[in-house]
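Each chain is listed here by its residues.
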Amino acid sequence: MKQTMSNLLVRVHWLNKSRAFRLLWLLDHLKVEYEIIPYMRVNNRAPESLKKIHPLGRSPILEIEDKVTGKKKILAESGYIFQYVLEHFDTDNILKNEDIDMNEKIQFYLFYTEGSLQSPLMMEYILSLAKESPFPISYLVTIVANKISEAYSKGEVKNQLDFVEAEIANNRGYLVDGKLSGADIIMSFPCQMAFLRKFAKEEDYPLMKKWLETITATPSYKSSIEKVHALGSSM
Ligand SMILES: N[C@@H](CCC(=O)N[C@@H](CS)C(=O)NCC(=O)O)C(=O)O
């Protein structure tokens, strides 16, 4: 029997101030009903209780329960979760694309976001945190951190962000086919963080800045933001 949405209970194991936000946004945009199971960071990390849901203990985790059989699926990894949601819940191609080539491009971004874009950004972020160590350690740490950054992550962040800027220029203001898709939603988090953490400047990436403004002006984004505000978090 084909599963219908009314047969399913959908739960998002959501960590405050995390990339799990974009899964709420994805589900809200597709008008999928779901419950948020909130977790609050402890010393900036996810609480141990998240490991009881999935051994990796990372958020987001998507739980799908069949109301009839009681069978549960536990899905981890944003790209895989997005792929699952788009395949099973986006039957009207709202965030997919009817064109097979365009749809493949959307798939590319589901892998690219966590595979190539997130890692150098994360490396720059960790190096920036290391530089905040107390003086005089900070003096030495800054020299080492700058060397690592210059040798790899700074240039790689530029390489990745230049690519994203060019993709937006070539795709009429979005990542795929001049309209909002799952690609824009999954890519929003690393790009927002790049601006927030000052690894990207508006003058260098004006199209990316404009794209972020456009996609975050959607009613679905606003309603997801309201949900996390109601839980006492910012994103
Ligand atoms: N590649 C994974 C990364 C998941 C991940 O690292 N999530 C962060 C939130 S932004 C987390 O759960 N951090 C908790 C921790 O580090 O303890 C995905 O895309 O789902």
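In this numbering scheme, every chain counts its residues from 1 along its sequence in written order. Reporting in this predicted model follows two pLDDT cut-offs: at least 70 for local features of residues, and 80 or more for side-chain atom pairs to be given and counted; totals over whole chains, interfaces and linings ignore these cut-offs and use all residues. Hydrogens and water are ignored here; the side-chain numbers use all heavy atoms of the structure.

**Comments concerning helix α1 (residues 21-29)**
Put simply, the test is: Whether a residue is buried, partly exposed or exposed follows from its accessible area with a 1.4 Å probe, protein chains only, as a fraction of its type maximum: under 20%, in between, or over 50%, in that order. A run of DSSP states H or I qualifies as a helix once it reaches four residues; a run of E qualifies as a strand once it reaches two. Both are numbered from the N-terminal end.
Among the nine residues that make up α1, eight are buried, leaving the element largely enclosed by the rest of the structure. Those residues of α1 that sit buried are Phe21, Arg22, Leu23, Leu24, Trp25, Leu26, Leu27 and Asp28. Just beyond α1, the residue with positive phi is lysine 31, at close to 60 degrees.

**Focus on the site of the ligand**
Threshold: We call a residue near a molecule or strand as soon as one heavy atom of that residue lies within 4 Å of the molecule or strand. As used in this structure description, the phrase polar contact means that two N or O atoms lie within 3.5 Å; if the pair is within protein, one of them must be able to donate a hydrogen and the other to accept it, and residues adjacent in sequence are counted only when both atoms belong to side chains. Each accessible area value is a Shrake-Rupley result obtained with a 1.4 Å probe; residue values ignore everything except the protein chains displayed when judging cover. Both cavities and pockets are sets of points on a 1 Å grid over the protein atoms alone; in a cavity a 1.4 Å probe fits but cannot get out, in a pocket the set is open with protein on both sides within 12 Å along at least five of seven lines, and lining residues sit with an atom within 4 Å of a point. Those molecules having more than half of their atoms within 2 Å of a cavity or pocket grid point set are described as sitting in that cavity or pocket. Throughout, the ten residues Ala, Val, Leu, Ile, Met, Phe, Trp, Tyr, Cys and Pro are labelled nonpolar, Asp, Glu, Lys and Arg are labelled charged, and all others, Gly among them, are labelled polar.
By nearness alone, 13 residues border the ligand, and Arg45, Ala46, Arg58, Ser59 and Ser78 come closest of all. With respect to the ligand, the backbone of alanine 46 contributes an N or O atom lying 2.9 Å from an oxygen atom. In the model, a nitrogen atom of the ligand is placed 2.9 Å from a nitrogen or oxygen of the glutamate 77 side chain. Within the complex, the protein chains bury 88% of what would otherwise be the 510 Å² of accessible surface of the ligand. Structurally, the ligand is housed in the largest pocket. The residue inventory of the shell around the ligand, partitioned by class, reads three nonpolar, three polar and seven charged.

**Concerning the UniProt feature "domain: GST N-terminal" (unreviewed entry) in the chain**
The following threshold applies: UniProt positions are given in the numbering used here, feature names are shortened, and annotations may be inferred rather than shown by experiment.
Mapped onto the present numbering, the UniProt feature "domain: GST N-terminal" (unreviewed entry) falls at residues 7-93. Between the end C-alpha atoms of residues 7-93 the distance is 21 Å, and the span holds 24% helix and 28% strand.

**A closer look at unusual backbone geometry**
The omega torsion of the bond from serine 59 to proline 60 falls at 10 degrees, within 30 degrees of zero and hence cis. Residue proline 136 is bonded to the preceding phenylalanine 135 through a cis peptide linkage, with omega at 10 degrees. The topology assignment puts proline 136 in the loop between α3 (100-130) and α4 (137-170). The backbone phi angle of asparagine 93 is positive, close to 55 degrees, even though this residue is not glycine.

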